[in-house]
Amino acid sequence: MGTCGTCGAANPASSRFCGSCGTPLLGLACPSCAALNPEGQRFCGQCGTALGGAPVRTSTPVALEERKLATVLFADVVGFTSLAERTDAEAVARTVDAAFRRLGDVVAEHGGTVDKYMGDSLLALFGVPTAHDDDAERAVAAGLAMREVGGDLAFSIGINTGEVMVTSLVDGRSTVIGDAVNVAARLEKAAGPGQVLVGELTARLAGRRVAFDEGRPLVVKGKREPVMVYAAVGVRAGGHEHEDDPGRPPLVGRDADQAFLQAQWDRAVADRRPAMVLVVGEPGVGTTRLVEELCSRVSPCANVASAAYPAYGALGGPRVAADLARQLGPLGDPEVDLRVRSAAGDLDPSLRSIDPTTIRSEQVWAFRRLFEAKAADRPLLVVLDDAHRAGDKTLELIDEVVQHLDDVPALVVLVGRPSPSAWLERFPAATTLRVGPLGRSDAATLARALVPDPPLTDEATALLVERSSGNALYLRELVALARERGDLVVEGGRTRLASPSTVPPSLRALLAARLDSLEPEQK
C-alpha cells in the first residue's frame, strides 16, 4: 500500500492517483536519496537535491579503490532454516522476496543503498556512493524501521561504522571491504530477533538523535579485544530541548546575533505583529544552538513549538506538522483540529471528498486559526530547523499561514543552510540573519572553555583555532577526540596537545558529505 502525501489516505501499490483526493502518487525519484517527489517539484522534499525541473548534477559512480567512511548494515531473517524446512519453497520465496523489497524501500527512504542480497540476508551501505553528514543516524533509523515492515518475518540487524575500501568485483560491480564490514556482520549474528546492535562509533555518531542502552563488551570472532556494542532503543523526538544541559559548552561570540533575535521577538510581541526570521549558516557554525537559546529565554512566558525537518524517511512535511501540532496542543474546535491533523497525514473520513486544492487551503486556514489562538493566550514562537530540506508544499503552507495571520504576537523562525538556496527565495519579505564562523578571539575563548582546567597552552589553543577555522562544531569535536585518545597532556599546570593530526570521524562525515556534493573535477 502507498500513502498519499496530500491527504494521508492509503492506496494500492499499483495506483497512479490517490483514490481519495486525486493527487498523483507517482513522481520524480530523487537522484540522491531515491525518495519520490510530486511532479513539478524542483527540489527533493527529503534531502533538497535538485530534481528534473532544476539543474541536476549527473550521477557519477564512486571511484574504485576509494577509501570512505561508511556505515554498514546487515539484516538477516531469524529462523530461516526452520522456516524453509516446514514451509513450501515457493511460499518461502514469496514471503522473503516481499519482505526484502520492503527492506530495500526502507534503505532508499533513509538515503542508503542495497549493496547485495545474500539468500536470507541483506547488506546495505550508508555513505557509499554518496555520503551524508548523518549516515550513521540514517542507518540506525533504517534498522529500527525495518522491524516494522518485516511482516511475519523477524530480522536481526547489525550496524557498524568505519573506514571501508570501495573496490571492484570480477563482474565489474563495486562493493566494500574492510574491518567495519566484518564487525557489522558479527554484530548481526549476535543480535536477537528484532534487535538492532551497533558498534561504538556508530552509537557515538548517532547518539544525538537515537537512544541506545548502556552498552556491553562483546567478544567478536577475529578481534583480539572485545568490542563495545549498543542496542538501539528508538529515534528521539524532534524539536529543540530547552532544559539546561550541564555538559553543553557555553554559547560564545554570538552576543550580537542573540541581541538581534531577541529584538525581533520583542518587536513582534510589543507591536502584536507577526514576523518571520530566516537564520542561515553553514553546518556547525551554531545556528541551531543560537535559536535554542532564544527558545530557552522566552519559553517561561511564551508558547514555543519547534521541529526539525527530517533528513530521511517518507512524508517529511506531515511529520513536521504532526510535531508542531502535538507541541501546541489541540484548539478544541473540531473543524480546526480535524484539518490540522489532516496536514499531519491523519485524514478524517469526513474530509475525503474534498479536492486537494481546497483541502490545502483549509489546512492553511486551520493552522492560522491555531497559531492565532495560541498567540492570543501567550506570545507564540514557532521554529523549523533544517528548513533547507523542506519541500515546496511545506514552505508554501508556512508562508501562507504567516501572511494571513492577524495582529497577534508571533514570531516564526526558519533555520537552514545557504545551499540549496531555493528555500530562501520563497520568503523575500522575511528578515535574514546570516551566521558566520567565530573570529579567532571568540574561537580561542571557546577552546579554553572546553578545556578549563588545567588551562590550554597558548600553542594548543592556537592550533585548535586554526584547525577549526572558527567552526564551533569542528572545535568541539577536535577537543573531544583529543580527550578520548589521551592527547590532552598536563605539564607544568597547563594542558598541551600530544598528537593533534587526526581528524575526528564526525568531521570526516561532514567533509565527506560536502566533497560528494561537488562535481568530480572539483573534488
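Quick notes on the rules
- Residues numbered from 1 in each chain as written.
- Predicted model: local features only at pLDDT ≥ 70, side-chain atom pairs only at ≥ 80, totals over all residues.
- Heavy atoms only, no water.
- Buried < 20%, exposed > 50% of the residue type's maximum accessible area, 1.4 Å probe, protein only.
- Helix = DSSP H or I, 4+ residues; strand = E, 2+ residues; numbered from the N terminus.
- Pairing = 2+ DSSP bridges.
- Right-handed = clockwise from strand over helix to strand, strands pointing away.
- Salt bridge = Lys/Arg side-chain N within 4 Å of Asp/Glu carboxyl O.
- Polar contact = N/O pair within 3.5 Å; in protein donor to acceptor, adjacent residues only side chain to side chain.
- Core = buried A, V, L, I, M, F, W, Y, C linked by side-chain atoms within 4.5 Å.
- Contact = heavy atoms within 4.5 Å.
- pLDDT = per-residue confidence, 0-100.

Chemist: What is the right way to read the pairing of strand β17 (residues 410-416) from this model?
Modeler: Regular strands have side chains that alternate between both faces of the sheet. Judged by how many residues are buried, β17 sits mostly within the fold: seven of seven residues are covered. Neither face of β17 is exposed, since Ala410, Val412, Leu414 and Gly416 on one face and Leu411, Val413 and Val415 on the opposite face are all buried. Of the strand pairs in this sheet, strand β14 (residues 275-280) and β17 are connected by six bridges, and their pairing is parallel. When the bridges of β17 are listed, Val279 appears paired with Val415. When strand β16 (residues 380-385) meets β17, the two strands line up parallel, connected through five bridges. Residue pairing across strands places Leu380 opposite Ala410, the latter belonging to β17. Chirality of the crossover, the property in question, places the unit of β16, helix α11 (residues 392-403) and β17 among those that are right-handed.

Chemist: I would appreciate a short explanation of unusual backbone geometry in the present structure.
Modeler: Residues other than glycine predominantly adopt negative phi, and peptide bonds predominantly adopt the trans conformation. Cis geometry is found at the peptide bond from Val128 to Pro129, where omega equals 5 degrees. Summarising the element assignment, Pro129 is placed in the loop between β7 (121-126) and α3 (135-146). Residue Pro420 is reached from Ser419 by a cis peptide bond, and omega for that bond is 0 degrees. If you trace the backbone, Pro420 turns up in the loop between β17 and α12 (422-425). Non-glycine residue Arg272 carries a positive phi angle of around 50 degrees. Examined against the element boundaries, Arg272 turns out to sit in the loop between α6 (255-271) and β14. Classification of Arg272 as partly exposed rests on a relative accessible area of 40%. Its identity is not glycine, yet Asp386 carries a phi of approximately 55 degrees, on the positive side. Relative to the helices and strands, Asp386 resides in the loop between β16 and α11.

Chemist: Hey, could you run me through the pattern of salt bridges in this one?
Modeler: Pairs may arise between side chains of opposite charge once their charged atoms sit close together. Going through the model one piece at a time under the given rule, you end up with 21 salt bridges. A salt bridge links Arg339 to Glu362; the nearest nitrogen and oxygen atoms lie 2.4 Å apart. Remark: Glu362 occurs in helix α10 (residues 356-377) and Arg339 occurs in helix α9 (residues 334-343); sequence separation between them is 23 residues. Arg339 sits in the buried class, given a relative accessible area of 10%. Under the relative-accessibility criterion, Glu362 is labelled partly exposed at 21%. Salt-bridge contacts for Glu491 lead to Arg496; the nearest nitrogen and oxygen are separated by 3.0 Å.

Chemist: Would you take a moment to explain the environment of Tyr309 for this structure?
Modeler: Relative to the elements of secondary structure, Tyr309 occurs in the loop between β15 (303-308) and α8 (316-328). The class for Tyr309 is buried, based on a relative accessible area of 4%. In this structure, the C-alpha to C-alpha distance between Tyr309 and Val320, residues eleven residues apart in sequence, is 6.2 Å. Here the side chain of Tyr309 touches Gly317 through a polar contact of 3.2 Å, landing on its backbone nitrogen.

Chemist: Help me understand the nonpolar core, please; the structure alone is not making it clear to me.
Modeler: With 39 residues, the main nonpolar core has Met276, Leu278, Phe367, Phe371, Leu414 and Trp423 as its most contacted residues. Here this core takes six residues from α10, the largest share from any one element. Every residue in contact with Met276, bar those within four places of it in the chain, is listed here: Ile398, Val402, Leu411, Val412, Leu414, Phe427, Ala430 and Thr431. Within the second largest apolar cluster, 32 residues are counted, among which are Ala99, Leu122, Val140 and Val198.

Chemist: Can you walk me through the environment of Gln327 in this structure?
Modeler: Within the element layout of this structure, Gln327 appears in helix α8. Given a relative accessible area of 28%, Gln327 falls into the partly exposed group. Leave out the neighbours within four places in its chain, and Gln327 touches Val304, Ala305 and Ser306.

Chemist: Which parts of the structure should I look at to understand the confidence of the model for the protein?
Modeler: Low-pLDDT stretches of the model should not have their predicted coordinates read in fine detail. Mean pLDDT over the protein works out to 83, with 80% of the residues at or above the 70 mark. Between residues 53-63, whose pLDDT stays under 50, and residues either more than four places distant or in other chains, the model counts 16 contacts. Contacts of residues 240-244 to residues separated by more than four positions or lying in other chains number nine contacts, the stretch itself having pLDDT below 50.

Chemist: What's the story with the environment of Arg186 in this structure? I'm lost.
Modeler: Assignment of secondary structure puts Arg186 in helix α4 (residues 179-190). For Arg186, a relative accessible area of 36% puts it in the partly exposed group. Counting along the chain gives 34 residues from Arg186 to Val220, while the straight-line C-alpha distance between them is 6.5 Å. Sequence-distant contacts of Arg186, defined by excluding residues within four places in its chain, comprise Val220 and Lys221.

Chemist: I'm lost on the pairing of strand β8 (residues 155-168) in this one. Help?
Modeler: Of all 14 residues making up β8, eleven are buried, and the element is well covered by its neighbours. Across three bridges, the pairing between β8 and strand β10 (residues 196-199) is parallel. Across the sheet, Ile159 pairs through a bridge with Val198, a residue of β10. As defined by bridge partners, β8 adjoins strand β9 (residues 174-177) across four bridges and the pair is classed as antiparallel. Considered in β9, the bridge of Val166 is made with Val176.

Chemist: Could you clarify how one ought to interpret the side chain of Ser121 in this entry?
Modeler: Among the secondary structure elements, Ser121 is positioned in strand β7. Ignoring sequence-local partners within four residues, the contact set of Ser121 consists of Ala75, Asp76, Phe100 and Lys116.

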